[in-house]
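For reference, the chains in residue letters:
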Amino acid sequence: MILVVGGAGYIGSHAVKCLLDHNQDVVVLDNLSTGHSEAVDKRAIFKKGDIKDANVLTNIFENYPISGVIHFAANCYVGESIMEPLKYYENNVAGTISLLKLMKMHQVTNLIFSSTCAVYGNPDVEKINESTPTVPINPYGHSKLMIEQIIKDFSIAYRLNYIILRYFNVAGADHLERIGEDHHPETHLIPNILFHLLGRSEHITVFGDNYDTVDGTCVRDYIHVTDLINAHILALESLQQGNVKNKIYNVGNEQGYSVKEVIQKCEEVTGKKATILYKEKRKGDPGKLISSSEKVSKELGWKPKYSLEEMIETAWKWFSRFPNGYKKI
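In short, a report on the structure.

Viewed as axis vectors pointing N to C, helix H2 (residues 54-63) and helix H4 (residues 85-105) meet at an angle of 35 degrees, and their least axial separation amounts to 10 Å. In terms of crossing hand, the pair formed by H2 and H4 is right-handed. Together, Ala54, Leu57, Thr58 and Phe61 of H2 and Ser98, Leu99, Leu102 and Met103 of H4 make up the contact between the two elements. Taken together, the residues that form the contact of H2 with H4 break down as 6 nonpolar, 2 polar and no charged.

Next up on the list: the side chain of Arg166. As for its position among the elements, Arg166 is in strand E6 (residues 161-167). A polar atom in the side chain of Arg166 sits 2.6 Å from the side chain of Glu148.

Within this structure, the stated rule accounts for 5 aromatic pairs. An angle of 70 degrees between the planes, with centres 5.0 Å apart, marks the rings of Phe154 and Tyr158 as edge-to-face. Here Phe154 pairs with Tyr158, and both are found in helix H5 (residues 139-158), just 4 residues apart, close to one helical turn. Summarising the aromatic geometry, the rings of Trp318 and Phe322 are spaced 4.8 Å apart at their centres and angled 50 degrees between planes, so their arrangement reads as tilted. The ring of Tyr158 has Lys104 lying over it, and the distance from NZ or CZ to the ring centre is 4.9 Å. Directly above the ring of Phe195 sits Arg200, whose terminal nitrogen or CZ lies 4.1 Å from the centroid.

For the rest of this paragraph, the subject is the nonpolar core. One finds Ile11, Leu19, Val26, Phe72, Leu165, Val170 and Ile229 to be the most contacted residues of the largest nonpolar core, which totals 36 residues. Looking at this core, the elements that each hand over two or more residues are strand E1 (2-5), helix H1 (10-21), strand E2 (26-30), E6, helix H7 (225-240), strand E10 (247-251) and helix H9 (294-300). Ranked by residues supplied to this core, first place goes to H7 with 8 residues. What Val26 contacts, discounting residues up to four positions off in sequence, is Met1, Ile2, Val4, Val16, Leu19, Leu20, Ala44 and Ile45.

Another aspect to go through is the pairing of E6. Residues in a regular strand project their side chains so that they alternate between the two faces of the sheet. Of all 7 residues in E6, 7 are buried; the element is thus mostly enclosed. Going residue by residue along E6, you find Asn161, Ile163, Leu165 and Tyr167 tucked away on one face and Tyr162, Ile164 and Arg166 tucked away on the opposite face as well. Sheet topology note: the strand E5 (residues 110-116)/E6 ladder contains 7 bridges and is parallel. In the strand pairing of E6, Phe113 is matched with Ile164. Since E5 and E6 lie parallel, the crossover through H5 that links them has a hand, and here it is right-handed. Pairing geometry for E6 and E10, over 5 bridges, is parallel. Residue pairing in the sheet places Tyr167 in a bridge with Val251 of E10.

Our focus in this paragraph is the sheet that holds E10. Strand pairing in a sheet takes place through backbone hydrogen bonds and is either antiparallel or parallel in direction. Pairing within the open sheet is parallel, and its 7 strands lie in the order E3-E2-E1-E4-E5-E6-E10. With partners counted over all chains shown, the strands left at the sheet margins are strand E3 (45-48) and E10, one partner each. Each neighbouring strand pair of the sheet contributes to a mean axis angle of 20 degrees, computed without reference to strand direction. Direction of pairing for E1 relative to strand E4 (residues 68-71): parallel, over a ladder of 4 bridges. The partner of Leu3 across the bridge, within E4, is Val69. H7 contacts E1, E4, E5, E6 and E10 of the sheet and is inclined by roughly 165 degrees relative to E6.

Reading guide: rules and limits
Residues numbered from 1 in each chain as written. Predicted model: local features only at pLDDT ≥ 70, side-chain atom pairs only at ≥ 80, totals over all residues. Heavy atoms only, no water. Axes fitted to C-alpha atoms, helices over the stretch in contact; angles between N-to-C directions. Helix = DSSP H or I, 4+ residues; strand = E, 2+ residues; numbered from the N terminus. Left-handed = near helix turned anticlockwise from the far one by under 90°. Contact = heavy atoms within 4.5 Å. Nonpolar A, V, L, I, M, F, W, Y, C, P; charged D, E, K, R; others polar. Polar contact = N/O pair within 3.5 Å; in protein donor to acceptor, adjacent residues only side chain to side chain. Phe/Tyr/Trp six-rings, centres within 6.5 Å; stacked < 30°, edge-to-face > 60°. Lys NZ or Arg CZ within 6 Å of the ring centre and 35° of its normal. Core = buried A, V, L, I, M, F, W, Y, C linked by side-chain atoms within 4.5 Å. Buried < 20%, exposed > 50% of the residue type's maximum accessible area, 1.4 Å probe, protein only. Pairing = 2+ DSSP bridges. Right-handed = clockwise from strand over helix to strand, strands pointing away.

Next up, the structure:
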C-alpha cells in the first residue's frame, strides 16, 4: 500500500489515479490547504491531516500496511516564498522531517520525493542536468534542496531508499477530464492564459520582456502532468523491485518555450486572441530553465509523450468544462 502525501493537489491527485490504475492500493494524506477532496479518486482511502501532525501519521502507519511513500506535500510559490520564508521552511522542511521520522519509526524504507528545478537557481547552461550546480535564488528552492540533503542523510544513516524527481513546469490535465488544475490563487502561466481566453480576466500579465532570451520573455520547459506521473510510476516500480535507488532525476521535455510562444500556442488551440500587459520582472525568476532528461531516460526508461499543444488542449477542455474548478463537480 502506498501513502501519497499531498494527494489531493494538482499533481498528487493525478498520481493517485494512476497508481490505482496500476493496481496499487493507496492512502492519501492531505490537509486540504491547497488541495481538493473532490480531486481524490474514490478508490483511495482519504485522510485529512498534516504531515507535521505525528498523531495523524502514526495512525496511518499503524493501521495500514504502508510499503512506500510518495511525497508531494509542499508550498510551492516562488514569490510567496520570498515574502513568507518562514512558511516555506516550516511547512516544507519541518513537515518532511516529521514524515521521515515516522517512516523510520515504522520501518517504511521507500520514498519518492517531489523536488523542483528551482534548486538550480539561474544556471548559465543550455540544458540543466543533474550535475548542474544547485544554487537556489529563492526560499522555495532552498527549502527543496534542504529536503534533498535530509533525505540523503537519512538514506546513509537509516537505509532509506529514495528517488528524487526534480520537476520543470507541469501543465495539462487528465485526458478523460476527471481531474485538473485548480489553484487559488492561480500563478501558473498556461492556466492564467486560458482563464483570460475564457473571458475571466481582461488581459494576461507578462512579467519581464527584456530577458536574454529569443524574444525577451522567460523560457521554460513544460511537461504534461501525465508524463510526469508516469515517471513516478517507473520510480516506484524500481524501488519496489530493488533496482535503481538513491538517485536524483530531472523530469522535463528538453525543450524550452518562451512566454510569448506559449501565449501564441494557446491562441492557436483555442482560436481566441489574447490581450497582453507587460510588467516588470519578478524577483527570483530565472530567465531560462530547460531540462536534460537523459539520465531518467537511460536509467528508468522514461520518455515524455505529450507536446505543448496537447498540454494546452487537455487543460482547455478541463477549464472549459469546469471553469470554477472542483466547485462544479
